[in-house]
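In case you want the letters, here they are:
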Amino acid sequence: MLDYEVLKFIWWILVGTLLIGFAITDGMDMGVGSLLPFLGKTDEERRVMINTVGPHWDGNQVWLITAGGAIFAAWPAVYAAAFSGFYMAMLLVLFALFFRPVGFDYRSKIGDARWRRAWDWGLFAGGAVPSLIFGVAFGNLLQGVPFHLDDLLRVYYQGALFTALLPLLNPFALLAGVISFAMLTMHGAVWLQIRTADPLSSRAKAAVGIMGAIAFVGFALGGVWVAYGIDGYRIVSQPALDALPNPLAKEVVRAPGAWLDIYAAYPIAMLAPIVGLAGIALTVLLSRLNRPGLGFVTSGLGMAGIVGTAGLSMFPFIMPSSIDPRSSLTIWDAPSSHLTLTVMFWAVVIFLPIVLSYTVWCYTRMWGKVTVEDIQARSHSAY
């Protein structure tokens, strides 16, 4: 059996991997949805766009479900605190995601232009709203969430249920939301450039340039903001890392620049923001050079770098508390039992390579282009 301390760290890596996998796979689908009303000038072109993601979007969304399940099983305290602090935001994401399965299945059932146009905007909401809210959530995590734990480790969130969404929409969190929206939309645009022919492919190339520029500038600005405009969190003292979880047993302080501590202690961590910026820049360049296949790979690397930068900057914090820093949840004091983490670890060792292999195999079979002629030949298809 692996040491408890080692398992705590491994599960931090595994949850991060699931979030990155979700961003790369389902982020592509959400990006296409966000572009649907703008790049598709005719009904046939919009059907082409939908057919590039329609057959596999539900499989990609499993990454999000798995990540949520992993957080529940590995970090139950984080799951409880998150559903208190981000309850309304999560409901907004859930309701937006409802549009996707219904829109994909019912959009082409009726030929009326108003019916199809309404579902096009529904699919836009199903892509744009989650893309934005996920970034807003990360922006708020970096600033701290207003919750505290009592002596029995029960979570108490400060704020009313139906007004809880407004404080989340602060300037820094909105910037993080814009970064998230731009990088996922860029990823979807690269996918469209691969899978469609002109004129859709040319429009997608232009979208890659616009969204890539926004993501690059936004990410750089966010880094400066984190360094000079936001107080980070720092652990002053804590029990042994392999001790039984007890968040209130540590001492935490807020300090300017504390989110940069890991880069001073471990300079190799700088690879994450470098990969994030380089991945975005290379994606835009490769798209312009009509090499969207490689651009799709660099786009995935860029998103991995951006998500990794957020995770590394907060390490070892998962959900810091803005009103009681001692109640902040970290990878050392928020996990499940040693036995639970061990059983789940071996399940991941067995099944994750199978899932990854199947995902790669599926993507290697989906590089063919979808054209208007294909859509016209399949006029009665589900999409």
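Residues numbered from 1 in each chain as written. Predicted model: local features only at pLDDT ≥ 70, side-chain atom pairs only at ≥ 80, totals over all residues. Heavy atoms only, no water.

Asker: For the environment of D26, give the residues involved together with the corresponding values.
Answerer: Relative to the elements of secondary structure, D26 occurs in helix α1 (residues 4-39). Taking C-alpha positions, D26 is 28 Å from A334, a pair spaced 308 residues apart along the chain. Not counting residues within four places of it along the chain, the set of residues in contact with D26 comprises G21, W57, N60, Q61 and R100. (Helix = DSSP H or I, 4+ residues; strand = E, 2+ residues; numbered from the N terminus. Contact = heavy atoms within 4.5 Å.)

Asker: Account for the nonpolar core, naming residues and giving values.
Answerer: With 86 residues, the main nonpolar core has W11 and M319 as its most contacted residues. Here the element with the most residues in this core is α1; it accounts for 16 residues. For M319, the residues in contact, after removing those within four places along its chain, are V78, A81, A82, F86, L141, V145, F147, S328 and L329. (Core = buried A, V, L, I, M, F, W, Y, C linked by side-chain atoms within 4.5 Å. Buried < 20%, exposed > 50% of the residue type's maximum accessible area, 1.4 Å probe, protein only.)

Asker: Could you give an account of a nonpolar patch on the surface, with specific residues and numbers?
Answerer: On the surface, Y266, I268, L271, V275, V297 and L301 cluster together into a nonpolar patch covering about 600 Å² of accessible area. Elements that contribute at least two residues to the nonpolar patch include exactly α11 (271-288) and α12 (292-314). Counting through the fold element by element, L271 comes out in helix α11. (Patch = residues over 30% accessible without salt bridge, like charges linked within 9 Å, V, L, I, M, F, W, Y side chains within 5 Å. Areas by Shrake-Rupley, 256 points an atom, 1.4 Å probe, with all protein chains shown as cover. Salt bridge = Lys/Arg side-chain N within 4 Å of Asp/Glu carboxyl O.)

Asker: Help me get a handle on the side chain of S287, residues and values and all.
Answerer: Within the secondary structure, S287 is located in helix α11. Side-chain polar atoms of S287 contact the side chain of Q193, separated by 2.6 Å. Not counting chain neighbours up to four residues away, the residues in contact with S287 comprise Q193, K205 and V208. (Polar contact = N/O pair within 3.5 Å; in protein donor to acceptor, adjacent residues only side chain to side chain.)

Asker: I'd like to hear about the pattern of salt bridges, residue by residue, with values.
Answerer: Within this structure, the stated rule accounts for 10 salt bridges. Where R107 meets D43, a salt bridge forms, and the shortest distance between an N and an O atom there is 2.7 Å. In this pair, R107 is assigned in the loop between α5 (87-106) and α6 (113-143) and D43 in helix α2 (residues 43-53), connecting sequence segments 64 residues apart. Residue R107 is classed as buried on the basis of its relative accessible area of 1%. Across the salt bridge formed by R114 and D112, the nearest N and O atoms sit 3.6 Å from each other. Classification of R114 by relative accessible area gives exposed; the value is 61%.

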